[in-house]
Amino acid sequence: MTNVIQNIENQIEKIVGEAVGKSVAQGELPELEIPQITVEIPRDKGFGDFSTNIAMQLAKSARKAPRFISDVIIKNLDLNDTYIEKVECAGAGFINFYLNNNWLYDTLKAIQLEGQEYGKIELGNGRKVMVEFVSANPTGPLHMGNARGGALGDCIANVLTAAGYDVTKEFYVNDAGNQIEKFGISLEARYIQLLKGEDAIQFPEDGYHGEDIINHMKEYIAAYGDKLLNTEEKERRRILVEFALPRNIENVKSALQSYGVNHDVWFSEQSLYDSGELDETIQILRDKGATVEKEGALWMKGSVMGSDKDEVLVRNNGIPTYFAADIAYHRNKFLKRNFDWVIDLWGADHHGHVARMKGAMAEIGIDPDKLDVVLFQLVRLYRNGEIARMSKRTGRTISLTDLLEELSVNGNDGKDVARFFFNMKASGSHLDFDLDLAVKQSNENPVFYVQYAHARICSMLRLMEDEGYKVPEVNTVNMVLLDKKEEIELIKKLAEFPQEIKISAQSLEPSRLTRYVLDVAGLFHSFYNACRVKGEENELVKARIILVDSTRTVIRNVLNILSISAPEKM
RNA sequence: GUGCUUGUAGCUCAGCUGGAUAGAGCAACGGACUUCUAAUCCGUUGGCCGGAGGUUCGAAUCCUCUCAAGCACGCCA
């Protein structure tokens, strides 16, 4: 809950604002409007610990040179009760603040005090948010796109939880509509083929070709034999779907579970039909005049979606489209279940759907800004330098389960590697997943780098415990002894953690956290090579144990958010 | 054709919502294990930020144009 950096930035904003006010009052600066004061950590350490560009922003309205303005502000700064030791005007007019190390020592105290709570912030204030992700068609196993969406969505949800939101993870089960129809036809074809031979029926070109369909039917036949051969077609398909669908959903659930993904709610598309919400929603759109009837179908007017094309809501055979169901679904999310904010994760190939969805939402009276759609680029799987097919329909797909199995070599947890890899890059960037490399166990594999740092720390602390050193009560420790370059750099990085959570939550980019934890691990390894703990003078040992233990806490907290294990031994 | 996304080091990517001399990992090269885990560390080399204009104190970042790649434009989901 402590966010030292945020506190300092707020403090600097405040004293700078006051200094500007004072300068104006004393006639040193003309009357002016004070813009939002931004405080940031300069990239270059030579420019201090914090800096602000306020003087440049004021230059125009004050009609003075930026450096003159900075000098006036600096002169009027009240530095009492701050960590600030030195203030300088630099460059084009930046005001750079140099702090004494107490803010870093306070950071360590906060980490020791808060433990696994350290890093959490109150950005969300308990706001109710839904993250809907994966939502794969339950017509077959999960593919690489689902794998990326799963890792991304789960981590976004975890980040938002850490940022103080009340998060619900939801899976939308597409158990109605066209693809279920197709699922039934595919099952039926395999059923007949298994009993009467390959040539007995033509397998539909656009059916689901996966082997899992055949396996379902083998199991069905083993249990119930050929009694459906003479059953009426529609009824036969219904029975087969009823048999296979729950099994598929179970498979999806267990695959996700072994991936560390656990949805809170599995929401059935069929339930929108059953409850009448779908009809209700369509009626509302009709009443609003957002629809038009033509060619025997009901269309949503393109004009309400900012498009010149109309979209079908109800087909001429009377069956509503996926789009119609999705509108009803979002109405349910916001109006029936009162979510303040909804985040959908879709593959980038669905981007055309975003504007339509938001247009429809506005039409039924929901603020479209309450919906954020995270589009992630699809994954390309490489094996032996060649693109591996990932289409579910070719039957040669590599499923999530296959992936996890393949990555679980030499005692590694495939889940850890996969989740880390999928979250290393921003969601919008294309992801080439090189199976050969991911399976390889080497220093190219960043997840090991981080886990190794954690295991190394645990090993050190075990050893120190054997020597009679436990992690000391933080207030009994002389922190000032931590003043080596490597120590300071590491603590600064640990101090950034709450801000990293904040930015990850705001940008919906957990990839920031994988990079962050890599930085922490790197700085720790540097510290390890530059400074010793064991064998140093007693007071220094205690201080460094605090630092090492705090580093462990931060690494573990980040890995928790990513749902990646933090091994104590490697 | 229209729309969305992406172009940054040899490769894979960052760049914190417009800041100071554009960063990291890998690769390449050179070093460091009698000492808490060498799955580690230290150092060197490497850039027309796709290109051209514009906006301003200041642009990889914003605008326009342009080139290239991916995706979407169905009574599929």
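Look up a bit, the structure's there.
Residues numbered from 1 in each chain as written. Chains lettered and ligands numbered in written order. Predicted model: local features only at pLDDT ≥ 70, side-chain atom pairs only at ≥ 80, totals over all residues. Heavy atoms only, no water.

Draft legend 1. Molecular detail of the sheet that holds strand β11 (residues 341-347). Pairing is parallel in the open sheet, where five strands are placed in the order β7-β6-β5-β11-β12. Since the sheet does not close on itself, it has two edges, and those belong to β7 (265-268) and β12 (371-376), each with one partner. Here the strands of the sheet are splayed against their neighbours by 25 degrees on average, with no regard to which way each runs. Where helix α12 (residues 352-363) meets the sheet, its contacts fall on β11 and β12, and the angle it forms with β12 comes to roughly 170 degrees. (Pairing = 2+ DSSP bridges. Helix = DSSP H or I, 4+ residues; strand = E, 2+ residues; numbered from the N terminus. Axes fitted to C-alpha atoms, helices over the stretch in contact; angles between N-to-C directions. Contact = heavy atoms within 4.5 Å.)

Draft legend 2. Spotlight on the pairing of strand β5 (residues 128-132). Among the five residues in β5, four count as buried, and that is most of the element. Relative to strand β6 (residues 166-173), β5 is paired through five bridges, and the arrangement is parallel. Opposite V131, over in β6, you have K169 as the bridge partner. What joins β5 to β6 is helix α5 (residues 144-162), and the crossover it makes is right-handed. (Buried < 20%, exposed > 50% of the residue type's maximum accessible area, 1.4 Å probe, protein only. Right-handed = clockwise from strand over helix to strand, strands pointing away.)

Draft legend 3. The sheet that holds strand β9 (residues 297-300), seen in detail. Here three strands make up an open sheet; going across it, the order is β8-β9-β10 and the pairing antiparallel. On the outer flanks of this sheet lie β8 (291-294) and β10 (311-314), each paired with one strand and no other. Adjacent strand axes in the sheet meet at a mean angle of 40 degrees, parallel and antiparallel pairs treated alike. Of the pairings in the sheet, the one linking β9 to β10 comprises three bridges and is antiparallel in character. Note on β10: the bridge partner recorded for M300 is E311.

Draft legend 4. Representation of the packing of helix α16 (residues 446-466) against helix α20 (residues 538-562) within the structure. At their nearest, the axes of α16 and α20 sit 10 Å apart, and the two run at 145 degrees to each other. At the point where α16 passes α20, the crossing takes the left-handed sense. Contacts from V450, A453, H454, I457, C458, M460, L461 and M464 of α16 reach α20 at V541, I545, V548, D549, T551, R552, I555, R556 and L559. When its residues are assigned to classes, the contact of α16 with α20 shows 12 nonpolar, two polar and three charged. (Left-handed = near helix turned anticlockwise from the far one by under 90°. Nonpolar A, V, L, I, M, F, W, Y, C, P; charged D, E, K, R; others polar.)

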